[in-house]
Amino acid sequence: LKKSDVVHFILGERLHYPASSSPVRAFAATNIALCKYWGKRDSELNLPMTSSLSISLGDKGAITELSIHNKEDKVIVNGKEIPHDSTFYKRLIAFLDLFRSSRTIYFNIVIQVNIPIAAGLASSACGFASLVLALNQLFHWELSTKDLSILARLGSGSACRSIKSGFVEWHKGIETDGMDSYAAALPEIWPELYVGLLIFNKQEKNISSREAMQRTVNTSALYPAWLEKANQDLIAMKKAIQEKDFLQLGQIAESNALTMHALMLSAWPPISYFLPETLIAMQKIWELRKQGIPVYFTQDAGPHLKLLALQKNKTEVQSHFPSVEWVRVF
Ligand code: DP6
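Notes on the structure in this doc start here. (Residues numbered from 1 in each chain as written. Predicted model: local features only at pLDDT ≥ 70, side-chain atom pairs only at ≥ 80, totals over all residues. Heavy atoms only, no water.)

## Comments concerning the overall build of the chain
Our working definition: Runs of H or I in DSSP of at least four residues are treated as helices and runs of E of at least two as strands, each being numbered from the N terminus. The globule rule used here is 2.2 Å times the number of residues to the 0.38 power, and the radius of gyration it is set against is calculated over C-alpha atoms. We call a residue buried when its accessible area falls under 20% of the maximum for its residue type, exposed when it is over 50%, and partly exposed in between, using a 1.4 Å probe and counting protein chains only.
The secondary structure content of the chain amounts to nine helices and 13 strands. Computed over the C-alpha atoms, the radius of gyration of the chain is 20 Å, within 12% of the 20 Å expected from 2.2 N^0.38 for a compact globule of 330 residues. With respect to the principal axes defined by its C-alpha atoms, the chain has extents near 65 × 40 × 40 Å. Within the chain, buried positions represent 55% of all 330 residues.

Structure (structure tokens):
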């Protein structure tokens, strides 16, 4: 199946609805996975091998302003027009092509992102999610959250989780058309829980998460063990959230992230997102825990760490990591 088949299936007649004449705006928060998505069973539809669980980062994310343009597509991110030969532009346009009712419809897309772009901070996730929310408004589709999540997944897997706020679970689904592979919010709220962004020197990603996860599935001998761990971690994580057991939540999230990175080291050619600073910070976190300070980390497809801490321990953690930027989740 192709992406366009899924779009036709979801939108049907609505694909021909006329666009609103005035611009629309939509916000989607970025999300950080506590139980990671790493590997696809279908790379066209971004269908995952495992379910995953994330938290959406409050007001950190992307606002997309969308309107109809008469001559050509134009994409502006944080005030800069994106060159037409860039990978990001091509990926975005290929996605928008799925929603054009005629060849002569063009879009003007203005995206404001308030997190570092392409630094493993899931900016593509909130970008695609906010774009889908904006399209839904522009064409008055009035889609359900489930359908919006499925459409966002076609742009980027993790984007399907950015449709909702708070704790979000992406059900992997088993159908070949992916109609049962979408994200839904968990009912729990946990206002004491904070995420701390620990950003090291900004460098371009060496390899995209898309390519890295594919290589891992294809070449890592450890991948079967990951499928099992991912499953167990998810069950234990949901229990930790229900019981507001921070130590459990932190431990599962950190162990899940480290296992994902261990898989990458075991791929061939090997993949590493670690910088020396990443490893130094990890050692420091382990040292702080020995001293009785409850702080954990998770890491995605970039060198940066996201700290997990409770509100009451923020100040103490900050004294050891002065550059940390705290994000309120709930
Ligand atoms: C490490 O969602 O960016 O952040 O589906 O190919 O677009 P594509 O991949 P993407 O991968 C995210 C990987 C991760 C883990 C996660 O968010 O669950």
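## Structural notes on the site of the ligand
We count it as follows: When at least one non-hydrogen atom of a residue lies within 4 Å of a molecule or strand, that residue is treated as near it. Under the rule applied, a polar contact is a pair of N or O atoms within 3.5 Å (in protein, one hydrogen donor and one hydrogen acceptor; residues adjacent in sequence only if both atoms are side-chain atoms). Using the Shrake-Rupley algorithm and a 1.4 Å probe, accessible areas are obtained, with residue cover drawn only from the displayed protein chains.
Near the ligand lie 17 residues; those nearest to it are Tyr37, Lys40, Ser156, Ser158 and Arg161. Contacts to the ligand include Tyr37, whose side-chain N or O atom sits 2.6 Å from an oxygen atom. Here an oxygen atom of the ligand and a side-chain polar atom of Arg91 are 3.4 Å apart. Out of a free accessible area of 460 Å², the ligand has 93% covered by protein chains. Looking at the shell around the ligand, the element that brings in the most residues is helix H5 (residues 209-219), giving three residues.

## Here's the deal with the side chain of Ser67
Which entries qualify depends on this criterion: By definition in these notes, contact holds between two residues if any of their heavy atoms fall within 4.5 Å.
With respect to the element layout, Ser67 can be found in strand E4 (residues 52-69). Setting aside residues no more than four positions away along its own chain, Ser67 makes contact with Pro23, Tyr106, Phe107, Asn108 and Leu138.

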